[in-house]
Structure formats: C-alpha cells, structure tokens
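# Remarks on the overall topology
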Amino acid sequence: MAIISCPECGHQVSDKAASCPSCGTPLAAAATSARVIEQTGKGLKAQQLLSILLLLVGVVFAIAASSGGGSSSGGIGLGGIMIMIGFLWYAVVRFRIWWHHR
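Rules behind the numbers
Residues numbered from 1 in each chain as written. Predicted model: local features only at pLDDT ≥ 70, side-chain atom pairs only at ≥ 80, totals over all residues. Heavy atoms only, no water. Helix = DSSP H or I, 4+ residues; strand = E, 2+ residues; numbered from the N terminus. Buried < 20%, exposed > 50% of the residue type's maximum accessible area, 1.4 Å probe, protein only. Contact = heavy atoms within 4.5 Å. Areas by Shrake-Rupley, 256 points an atom, 1.4 Å probe, with all protein chains shown as cover. Expected span 1.5 Å × (residues − 1). pLDDT = per-residue confidence, 0-100. Phe/Tyr/Trp six-rings, centres within 6.5 Å; stacked < 30°, edge-to-face > 60°. Patch = residues over 30% accessible without salt bridge, like charges linked within 9 Å, V, L, I, M, F, W, Y side chains within 5 Å. Salt bridge = Lys/Arg side-chain N within 4 Å of Asp/Glu carboxyl O.

All right, on to the overall build of the protein chain then. In terms of regular secondary structure, the protein chain is built from 3 helices and 2 strands. What you see in the protein chain, going N to C, is helices and strands ordered as β-β-α-α-α. Across the 102 residues in the protein chain, those meeting the buried criterion constitute 16%. The contacts of the protein chain with a sequence gap of at least 6 include a subset with a gap of at least 24, amounting to 35%. Split by element, the accessible area of the protein chain, about 7600 Å² in all, is 67% carbon and sulfur.

In structure tokens form, the structure reads like this:
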C-alpha cells in the first residue's frame, strides 16, 4: 500500500482508495479512464481509407469529364459509378466498425 496525493486537494490518500476522503474526488476512475483500447482492426481501417480514396477519385473523374466540354458522357458515368461504389463501401465499412465495437 502506497500513499499518494489527491490530484484535486493534495491530501495524502492510500492508492487503494476509490476516492479522496477529504474532497471526494474519485481516484480509481481517473486511473482507469486514462487507458484507451483501440478495437478497430487495421483491415477495416484500410478498407475505410480505400473507400474514401475511391470516392475522391470518382469526384475528380466526374469534374474532369464535365469540365472537358466534350460530347461524351462516359467519364461522368464512370465518375458517378466510382462515387456510388465508394460511398456504399464506406457506409458498409462504418457499419462493420460499429458492429464489432465493444
């Protein structure tokens, strides 16, 4: 058992105490709340990044095709398809991240 100082009032408190007896500041909760555990897998993060990249490339294709002034609308169609696939892929990955979160 060690004696620590309360972060709020400076009173000497046991490290086993749940809260400071002088001011009531919770001590055990502060120690456990500082730890953050990452639970999203790297594969899902990579898929999320790729879906955003596909969406952005689709936007660039659509803008380039519409500003070209040509009569061909194949670029806009390809850009639109890339945007839709990228957005749907992103939505599915975000759902999977939410589903697997504990």
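Before going further, it helps to spend a moment on helix α2 (residues 42-67). Relative to the 38 Å expected for 26 residues at 1.5 Å per residue, α2 spans 37 Å between its end C-alpha atoms, a close match to the ideal helical length. When α2 is considered as a whole, its buried residues turn out to be Leu44, Gln48, Ser51, Gly58 and Ala62.

The next subject is the side chain of Thr25. Structurally, the position occupied by Thr25 is in the loop between β2 (12-14) and α1 (28-33). Owing to a relative accessible area of 18%, Thr25 belongs among the buried residues under this scheme. Once you skip the residues sitting within four places of it in the chain, Thr25 turns out to touch Cys6, Glu8, Ala18, Ser19 and Cys20.

Looking now at the confidence of the model for the protein chain. Confidence along the protein chain averages 82 in pLDDT terms, with 80% of residues attaining 70 or more. Ranking the elements of the protein chain by mean pLDDT puts α1 last, at 54, and α2 first, at 92.

Attention shifts here to the packing of aromatic side chains. Two aromatic rings, taken as a pair, are described by how far apart their centres are and by the angle between their planes. Taken as a whole and judged by the stated rule, the model has 3 aromatic pairs. Taking the centre distance of 5.6 Å and the plane angle of 40° together, the rings of Phe95 and Trp98 count as tilted. Taken together, the positions of Phe95 and Trp98, both in helix α3 (residues 74-100) and 3 residues apart, correspond to about one turn of that helix. Taken together, the ring pairs connect Phe95, Trp98 and Trp99 into an aromatic cluster.

With that settled, consider a nonpolar patch on the surface. Among the surface-exposed residues, Leu50, Leu53, Val57, Val60, Phe61 and Leu78 lie close enough to one another that they form a single nonpolar patch of about 510 Å² accessible area. Top contributing element to the nonpolar patch by residue count: α2, with 5 residues. By the element assignment, Leu50 lies in helix α2. Leu50 gets classed as partly exposed once you look at its relative accessible area, which sits at 44%.

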